[in-house]
Structure formats: structure tokens, C-alpha cells
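Fold and geometry: a report
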Amino acid sequence: MRPTLETPDTSEVFRGLPLTENQNANDIFHKGPFKSFSVSGNYCVTGSQNVRIWYAPTAENKSTIALNIEVTATSFVSASDISYDGVLVWVAVDKGEMLEIDTKENTVMHKSVVHNSTVNAIIKSRNAMFTFDDTSFRIWRYDNHGRIRLSSRSKSILLPSKKSLFLIVNETQLWASHEKLLEVYDIFEDSISSIGKFDCKIKEHSNSPTLGMITTIAQLASRKRVFTGHEDGKIIVFNSETLTKIHIIQASTYKITTLLGVGEYLWAGLATGKILIFELTNSEQLVLKVEFLAYAGSGVKDLQLDDNSLAIRSTLQVFSSNDSGHIRIWDGLLTQYKREIAMNYRVDEYSIYTPIRILILTYNIDSRKPIDLEVGDQADKTFLQDLVANNDADIYIFGFQELIDLENKSVNAKTFLIGGKKSALDSKMDQRLKLWQERLLRLFPSSHNVVHVSQLVGLFQCIITNNSFAIRDCSTSQVKTGLKGLHGNKGAIATRFLIGDSSFCFVNCHLAAHQKQVSQRNNDIAQILKDASFPKLENAGWERGGDGTMILDHENVFWNGDLNYRIDLTRHEAMDCIHSRDYQKLWQYDQLNNQMLVHSFGLRMFKEGELLFDPTFKYDRNTQRYDSSEKMRIPAYCDRILWRGNRVELLAYNRLECKISDHRPVYGSFIAKVRKIDATRYQKVKKDVKEKTEWRLEEQSRQSRLEWLKATYNLSIEEAKQKLQEHNWDLRAVFSPS
């Protein structure tokens, strides 16, 4: 099967920083940029004009060795005796020269020219070291004392063509690339043999996506998968056994600068400064599990890991760097992420719930004024009163679109493009907001309170409560998506607040119009989710490691508006379905419904009630007749209400028959459970989760020790297990004198 371009599943992304626990420092600040760095356990070595040795837990520069020549590559040296692990460092400088440094003695132990040209990569593997220049590489293996020394004999092997990026797989395969060409070789004692070639410049078939330059190569050894990262944000997944291309993933829209396999996860550094952490599922799909900003204002340059750390030290730390020399240290075991997932799974054990009722009305009012309700028929006059009278609620959300005439092109041009002091349109917006606010307030007794009213050009949001509970920390964010984000003729108003220990966010939006603008509507949603921003708050109600600054940090999110998604049928087909009430077929061809199947779609994990009513757009005003103009638009479900929250129940979802607009209003009635955390029970569950997480870590560490012994000393799993059990699973004790 030929791979086509796919997108990762981004529906459940954790935003918390995966910081290491019980460590005084998580940052190392080098004095200026460096060319290369390497890590071993708690130690880090950086190379620029000098070689600096750092103790990571305190970020202390333990020593500096002045070279006064540019360092091109660094690596700690493999050791079969763990007492030598992290002791020796190899440093490459100009014209093929390399140095061997003893980090305990802070001295250069050996120096020699080992390549004909500058070494640009050093790779440490379990039982060997590999050094590379553009056209050749050398293999260094253990001597009779179980050590690898720069003074030892090594094998030099020529590369058939120039290469700049390298990956060693199982010490038997070399994956090497230059620009867009990736080649795979079998490694023999003194030669290599090409066994595979992938040219990203060549399209395999007409639907193949274009691919940018290869920027990085990594592997998940346990899954026998190799990954290439590209300058256009794509990741290609290869099977390292069959040498086949499995997937092409559009992981980001930004350059992928570095990839690193960490246990079962693939870490990706971006030019934006973000780090993405993916899980590869059994069905070979990349799922984005964690996303966080590692560096503000600069990109991620490199990611490094000590593969032996889990076996030897029961820790797994990932080190990242940027172009200015800032190293950050992350928890490769993702302990905080796993604990939060476990706490969320057991949330009912430490929470007390109180139900509240929520009523949401979304209506594109087509620039109608409240007085227009009075000149219609009885249904128009009383539709708001009837809605409130028939739906007793604790919170009422009114979300209107097109409060003013957005089709008035002359007004829009003057207002949006010229700007300046307050215009006639601004005054009109203020007046229209006041009229509708007053009209809505007349629906309620004095016991009700307006929590918030907000307007963004044609968008209007009004939230009213019955004062039966305390709302706190109310905040609103507005996002403009019209005219490429410059102006608010399209966009969203998002309002959030807290009740008890639960967080709520209500979004009213108006997305890009027209039948074929599905991608633009999707982009509008992505921009709203990205750009809507609230003040940061400390609160237990945030989701997925968030801090309350983003929409999806909230436990309960309700999304309403004129989403403008259409139905991909002809008008004749759509009208036939409406007349026969074949809502299932309309749903089948509904654009929003079909976007819900796309992994990267921003609202994919939101829910919606069944559409058991006629499409709400487009009508001739003041009639029950769908568009009879020369455009004869296809009827569509433009007006929608969606929600996301595990403790939200939909009671009713329907349209109303107010005819003053070319849309019909839609309402949704819900019950949501407000959470109150019991502090005693919370601490009990937290303690239990921590203990179980630590137990799983120990099991993971034991498995890593078994694998280390097996690979390093060519033992069977049974033999390695017996040795470790004899020494109470202490790997160091295995090598200590009796």
C-alpha cells in the first residue's frame, strides 16, 4: 500500500511541562552558543571553543577545558563496565582530529587525527562507537578489557556518496541522508552494502505529497521503526526490518529540527521552540500526547538522551538545546503526565457533584433589531419568551452572529481597512448591543444577573444566571479571523468562569462562509483554539496539564455559532431529503460531521446531538421558503452547538421557528455536573497514584537492566535475570567485587 499524507491525532494533548522531579535545576545556561553536546546520566558536555562539563542536577559547570579551536562533535564513550560509564568523552575538532577526555581527571588522555576530513558526527551505541565525516566512517569496538579507547584499532569504511545525517540501527544497519536522499546500508566488518534508497524528490504516485529536506533521523528500537523529520513539518515512518515506508505524517506546519526516540515515545523539536511528544499506536498511528513550549523566541536545536540511564540510574532525562546555548532538562518518563492521566481517570473517587442546567441559544440574526420581532407573526414575537419559559436553567448563554450588516461592503471597506477614530459603524454596533441586551434582560426576573456581555463586530454573547451559585474568575477573549485575522467580521468570543472546582468555557463563533471553504473554516477553528487567551489561574479544574489560559484547558467547553459548514449534496438532493425527513442522509453529507473523522480537526473530540430537524440556512426572510434567489443556495446546518466534557448530558437539541432572519435559531439544553473536590480523599488517591507510578517505574527500570545485561554481555534473558536477582536487582552490585 502506498502511503499518503496523514495527520496525527491531536484530540487529547497534555500541555504541562514534563519537568524532572527532585532536581534543583532544570536549566543549564552556556555562555553563548555551542556546536555540540552530549549527555551521560547526570553529566552533560558542551563543545564550542572550549569543552565544558556540567553537573545537571545543580547546573554547575564542574570544569572547563580550553581548546581554542572549534568543536564539531562530542559524545560520551560506551563502556561495558558501568564504573566507567560517563567517564570518557570524545571530542572532534578540525581536519579529522579527535580528543579523548577523562571527565574525572579533567585531562585530555589522547589526541590523534583519525579521519581525513572533519568529523561531523559521533554516535554511541551499546557495544561500539561510530565516527563520521562526509564520505567515510569508523567503527570502534570493545577491547579485551571491555573498554573503547580512541587509541584502539578501528575500522574505516568509505561511504558511496556524501552524507550529513546518520543513524545506527542495531549496530548492523546504517541509515544516512543528505538533503532529500536517504540510504540504508548493511554494516559488515570492513564494508557496507546498500540495501535501500528513498529519494524524497521523486513522487511515488500522483497523490504523493511533496517532501522537504531531511533535517533529522531517529528510531524507536523496540518497535523497529525509523523516522525522518523534514523542514516542511513532515515525518516519514519506516519499518527498519522490511525497509518500507509506512506513513507520511504532517506532524506540524513548522520545520522539524530534531527527533529523538525515548522509550515508547517519539520526541520532536520544532523551529518554533515547541517540543511535541508522540506515541506510536499498535495500528501505526502517531498520536500527539504532549505539546509544550520549551523556548520562547528561538527554535529547538537538538535533543539528547542517555540510553543507559534507566538501567543504571533508574532515571530517564531528555536534554534539549537551542541556538543561544540554553539547555533544558525534561523527564523522559513523563511521570507528571502519567500521574495526571491516572488522577483524571479516578476523579470520581475524590469529587462531589452538583448538577446545574445550561441553556444555549445560537442565532445568526442577519442584522435584525429586536423591534423586528414585533412585526412578525406570533411565533416571532414570543420565541424568546417561550424558549426561556419552557427551559428552566441556571445559566443562559445567548450567542448571536451578524448583529450588524456584514454584507454592506462599502461600510466594511471604510471601517476595516481605513480604521481610525470611532466610526458610525462603531456607534451602530454599540446601539445594537444595547438594544439586544435590554431585550434579553426583559425575559428574566430581577433575581437573575448578567454575568457578562461582549461584542466583536457582528458577534454578540450574553450570559445570564439565576444567582443560585457563585461564579468566579470570569474572563473573556476575542479572536478575529476575518481578512486573514486582521478584523472581526469573522471570529469568536470565548468566555470562561469557574464554579466550585469546575471550569467552564463558552465559545460563540462565526466562521468563513461559502460551500467550498471547508479548509478555511477548519483554519478558523484552529486559530480560535490557538489565539484565545485567558489569565493564568491556579485551579484544580484545568484539563490535560493546562493552566487555564487556553480554551481546551477547561473541563467543560461549549461551542456554538454560525459554523457555516454546508451539505455536500445538490440542492435538489438536499430538498428531497428535507421533504422526506431523511436526516440521516443529510448528516452523512454534512461537512462538519465528516471533518469530525479527521484526526487533526480542532473540534474532533467535541460531541453534538442528533440533527433531527430541517437545515437552518438559507431562508428568504420572513418566510418558510429556502433561498429562492438566483443563487438558489443549498440548505445547510450552519448553526450548531457542540460540547466537550465528561459530565455533560444533552437534554434537548432543536431549531426554533423565528423567521426574521435568513437563518433559524438553534437551542441546546444541558445538565452539567459541577465538581467539588474533597481534599482528604484527593490526597489519598494522589498518594496511591504516586505509589503505583513508582512501582511501574521500577518495573520499567528492571526490564531496562535485563536488556542492558543481555545486550552488553550476550546473555539470555534468563541468565541476566538470575544475575540481577542474586544482587537484589542492583546493576552496580553485579560488577562489584565479592
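Just above, that's the structure.
**Describing the sheet that holds strand S14 (residues 155–158)**
Reading across from one edge, S11-S12-S13-S14 is the order of the four strands in this open sheet, with antiparallel pairing throughout. Two strands in the sheet have a free side with no partner beyond their single neighbour: strand S11 (121–124) and S14. On average, each strand axis in the sheet is inclined to that of its neighbour by 20°, with strand direction left out of account. Of the pairings in the sheet, the one linking S11 to strand S12 (residues 128–132) comprises four bridges and is antiparallel in character. Bridge pairing in S12 places alanine 121 opposite phenylalanine 132.

**A look at the pattern of salt bridges**
Inspection of every chain in the model, using the stated rule, returns 38 salt bridges. The salt bridge involving aspartate 9 is made with arginine 604; its shortest N-O contact spans 2.8 Å. Remark: arginine 604 occurs in the loop between helix H11 (591–595) and strand S38 (639–644) and aspartate 9 occurs in the loop between strand S1 (5–6) and strand S2 (27–29); sequence separation between them is 595 residues. For arginine 604, a relative accessible area of 19% gives the class buried. Between glutamate 349 and arginine 346 there is a salt bridge; the shortest N-O distance is 2.9 Å. What makes arginine 346 buried here is its relative accessible area of 17%. One network of salt bridges, in which partners are shared, links Glu12, Glu543, Arg544 and Arg644.

**Let's talk about helix H4 (residues 378–390)**
An α-helical segment advances 3.6 residues per turn. Residues three or four places apart therefore align on the same side. At leucine 384, H4 shows its largest kink, close to 45°. Those residues of H4 that sit buried are Asp380, Thr382, Phe383, Leu384, Leu387 and Val388. If you check the start of H4, you find a side-chain oxygen 3.1 Å away from the backbone N of alanine 379, and it comes from aspartate 377.

**Re the side chain of glutamate 183**
Relative to the elements of secondary structure, glutamate 183 occurs in strand S17 (residues 181–187). Residue glutamate 183 is classed as buried on the basis of its relative accessible area of 6%. Once you skip the residues sitting within four places of it in the chain, glutamate 183 turns out to touch Ser161, Lys163, Leu174, Trp175, Ala176, Ser194, Gly196 and Lys197.

**Focus on the packing of aromatic side chains**
Per the stated rule, a full pass over the model turns up 28 aromatic pairs. Pairing tryptophan 559 with phenylalanine 606 gives two aromatic rings, centres 6.2 Å apart and planes at 80°, and the pair type is edge-to-face. Of this pair, tryptophan 559 sits in strand S37 (residues 556–562) while phenylalanine 606 sits in the loop between H11 and S38; the two residues are 47 residues apart in sequence, bridging distant segments of the chain. With a relative accessible area of 0%, tryptophan 559 lands in the buried category. Residue phenylalanine 606 is classed as buried on the basis of its relative accessible area of 6%. One aromatic cluster in this structure is built from Phe497, Phe504, Phe506, Phe558, Trp643 and Phe670. The ring of tyrosine 565 carries arginine 521 above its face, with NZ or CZ at 5.2 Å from the centroid.

**Some remarks on the sheet that holds strand S18 (residues 192–199)**
The strands that make up a sheet pair up through hydrogen bonds in the backbone, lying either parallel or antiparallel. Taking strand neighbours across the sheet as the criterion, the four strands line up as S15-S16-S17-S18 in an open arrangement whose pairing is antiparallel. In this open sheet, the two edge strands, each paired with only one partner strand, are strand S15 (165–169) and S18. Taking the axes of each pair of neighbouring strands and ignoring which way they run, one obtains an average angle of 20° across the sheet. Sheet topology note: the S17/S18 ladder contains seven bridges and is antiparallel. Bridge pairing in S18 links leucine 182 to phenylalanine 198.

What counts, and where the lines are drawn
Residues numbered from 1 in each chain as written. Predicted model: local features only at pLDDT ≥ 70, side-chain atom pairs only at ≥ 80, totals over all residues. Heavy atoms only, no water. Pairing = 2+ DSSP bridges. Helix = DSSP H or I, 4+ residues; strand = E, 2+ residues; numbered from the N terminus. Axes fitted to C-alpha atoms, helices over the stretch in contact; angles between N-to-C directions. Salt bridge = Lys/Arg side-chain N within 4 Å of Asp/Glu carboxyl O. Buried < 20%, exposed > 50% of the residue type's maximum accessible area, 1.4 Å probe, protein only. Bend = angle between axes of the 7 residues up to and from the residue. Polar contact = N/O pair within 3.5 Å; in protein donor to acceptor, adjacent residues only side chain to side chain. Contact = heavy atoms within 4.5 Å. Phe/Tyr/Trp six-rings, centres within 6.5 Å; stacked < 30°, edge-to-face > 60°. Lys NZ or Arg CZ within 6 Å of the ring centre and 35° of its normal.

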